[in-house]
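# Breakdown of the fold
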Amino acid sequence: MDEARYNSLVAAAFKRILAAADTFDPDVLEAEATGDKVTLTAASGEKCIINTQRAVWQIWVAGQGQGIHFSHDDATRAWKDDKGKGLELFAFVSGVVRHLTGEALTYSA
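Basis of the calculations
- Residues numbered from 1 in each chain as written.
- Predicted model: local features only at pLDDT ≥ 70, side-chain atom pairs only at ≥ 80, totals over all residues.
- Heavy atoms only, no water.
- UniProt positions renumbered as here; feature names shortened; annotations may be inferred.
- Core = buried A, V, L, I, M, F, W, Y, C linked by side-chain atoms within 4.5 Å.
- Buried < 20%, exposed > 50% of the residue type's maximum accessible area, 1.4 Å probe, protein only.
- Helix = DSSP H or I, 4+ residues; strand = E, 2+ residues; numbered from the N terminus.
- Contact = heavy atoms within 4.5 Å.
- Phe/Tyr/Trp six-rings, centres within 6.5 Å; stacked < 30°, edge-to-face > 60°.
- Lys NZ or Arg CZ within 6 Å of the ring centre and 35° of its normal.
- Pairing = 2+ DSSP bridges.
- Axes fitted to C-alpha atoms, helices over the stretch in contact; angles between N-to-C directions.

- Going by what an unreviewed UniProt entry lists, the protein chain is known as Iron donor protein CyaY and is assigned to Corallococcus interemptor.
- According to the UniProt record, the Sequence similarities (unreviewed entry) comment for the protein chain is "Belongs to the frataxin family."

## Side note on the nonpolar core
- Core analysis: the largest hydrophobic core is formed by 30 residues, its most contacted members being Leu-40, Ile-50, Trp-79, Val-93 and Leu-105.
- Looking at which element gives the most residues to this core, the answer is helix H1 (residues 3-21), with nine residues.
- When neighbours within four sequence positions are excluded, Ile-50 is seen to be in contact with Phe-14, Ile-17, Asp-36, Lys-37, Val-38, Leu-40, Ile-59, Trp-60, Val-61 and Val-93.

## Regarding the packing of aromatic side chains
- Tallied over the full model, the rule gives three aromatic pairs.
- Sitting above the plane of the Phe-90 ring, Arg-16 keeps its charged end 4.5 Å from the centroid.

## Concerning the sheet that holds strand E6 (residues 78-81)
- One open sheet accounts for six strands, arranged E1-E2-E3-E4-E5-E6; its pairing is antiparallel. Strand pairing shows two members of the sheet lacking a second neighbour, strand E1 (29-34) and E6, which therefore form its edges. In this sheet, neighbouring strand axes are inclined to one another by 20° on average, regardless of whether the strands run parallel or antiparallel.
- As defined by bridge partners, strand E3 (residues 47-53) adjoins strand E4 (residues 58-63) across five bridges and the pair is classed as antiparallel. Note on E4: the bridge partner recorded for Ile-49 is Ala-62.
- Sitting on the sheet, H1 touches E1, strand E2 (37-42), E3, E4, strand E5 (66-73) and E6, and the angle it makes with E3 is about 165°.
- Packed on one face of the sheet, helix H2 (residues 89-101) meets E1, E2, E3, E4, E5 and E6 and runs near 15° to E4.

Listed below in structure tokens is the structure:
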């Protein structure tokens, strides 16, 4: 993977996550994008942080007391965890948001 492809994939992933978060009442979940990071903050103050890891072409997600690195799999066109646990980026973020708010993120196609 080269930098341009990585940047494009990250931009698309962040855009999809932000669009899903924008469907929430801001009193329930706030979304903020700053450079290489998206922060989702629940009313309780708990956060889900999605951040780039440019040196290794990954996206890192912190939430529910853990940090998971996701690498893009060109064969499946999905962001999968780098430890082979079967986690997928968008499903994982949705699960963290469900834990924080009681409602999962719903992504448009």
